[in-house]
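Spelled out, the chains give:
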Amino acid sequence: MDKNSYLKLASKREKTSPCLKNCLFAFLSGGAVCLLGQAMKDLYALLGAEEKTAYSLVAVTLVFAAGLCTGLGFYDKAARVCGAGLFVPITGFSNAVASPAIEARCEGAVTGVGSEIFKIAGPVIVYGNIASVIYGVIYYIYLCFAG
Amino acid sequence: MNYLYAFLSGGAICLLAQILVDKTKLTPAKILVLYVCTGVFLGACGVYAPFVRFAGAGATVPLTGFGYTLFSGVKEAVETQGLTGCLTGGLTASSAGISAAIIFAALWALLFKSRDKNI
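Reading the values: rules and limits
Residues numbered from 1 in each chain as written. Chains lettered and ligands numbered in written order. Predicted model: local features only at pLDDT ≥ 70, side-chain atom pairs only at ≥ 80, totals over all residues. Helix = DSSP H or I, 4+ residues; strand = E, 2+ residues; numbered from the N terminus. Buried ≥ 20, exposed ≤ 12 C-beta atoms within 10 Å, placed from the backbone. Contact = placed C-beta atoms within 7 Å. Nonpolar A, V, L, I, M, F, W, Y, C, P; charged D, E, K, R; others polar. Expected span 1.5 Å × (residues − 1).

Caption draft 1: Structural context of the overall build of chain B. Scanning chain B from N- to C-terminus turns up six helices and zero strands. Seen through its principal axes, chain B has C-alpha atoms that stretch 50 × 35 × 35 Å. In chain B, buried positions account for 50% of the 119 residues. Considering only contacts in chain B between residues 6 or more positions apart, those separated by 24 or more positions represent 57%.

See the structure below:
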């Protein structure tokens, strides 16, 4: 079988996910997580946190909650239904760190948990960092010329 | 009104990611990388800061907000420390989230056993 006919066959056999339904769930769940974040931010601001600190605390709280739900087994079940709605918010980042950490528990503390913890979330930090450093260099050069 | 904007913006960002999942062959991991870099880029273009003022947590909670945090950290650090700021700014600004993710994940790994994923 040549490559083209194989690709045709493969795409016929591919599971087609019901896009509209997925999108609706992603929209609602993603929106709900952000709504929760906004409520928390207002709460922290009410308690006297500065705007920036309040947003950091929201991230920390969501990371905590999502990790706990991952450990209890809720998060992966919910993520199967909600799709991008639960992996795009910071809760998904937390899930991506907590999930391999829990999986690797039986492989030991250093070569297991320690090395697997950033298996999925690592690329996000790596490329985010690279992008921000590139921006920083450009901005520095700009500042040099702009005065 | 803030809550409505947060809900709609956050939902829209996730909706866009879901469309990418369903209509392209991009895996979630690649989409997350794309989102963080987009956050840095939109921050650099000056688009994201007004968006944060408009949507609040709807802009900071999705992963593009993580990119924006990296960007704004680097920007501030370059202004105060010069070229060194390129290296220190990003992780300083995002340290709370990253450290929390590490510490809590280690804690969950101590407390929970992995379970069957195919339930």
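Caption draft 2: Seen up close, the interface of chain A and chain B. Contact residues are listed per partner, giving 61 residues for chain A and 64 residues for chain B. Those elements that provide at least two residues to the side of chain A that touches chain B are α2 (19–46), α3 (51–72), α5 (84–87), α6 (90–103) and α8 (122–146) of chain A. With 15 residues, the top contributor of residues to the side of chain A that touches chain B is α8 of chain A. Across the side of chain A that touches chain B, the residue classes tally to 39 nonpolar, 18 polar and four charged.

Caption draft 3: Structural detail: α3 of chain A. For α3 of chain A, which comprises 22 residues, the first-to-last C-alpha distance of 32 Å matches the rise-based estimate of 32 Å (1.5 Å per residue) to within 8%. Within α3 of chain A the residues assigned to the buried category are Ala54, Tyr55, Ser56, Val58, Ala59, Leu62, Val63, Ala66, Gly67, Cys69, Thr70 and Gly71 of chain A. Of the surrounding secondary structure, the elements contacted by the buried residues of α3 of chain A are α2, α4 (74–82) and α6 of chain A together with α4 (57–60) and α6 (84–111) of chain B. Downstream of α3 of chain A by one or two residues, Gly73 of chain A has phi in the positive range, about 90 degrees.

Read these as layout, nothing more, since geometry by itself doesn't imply function.
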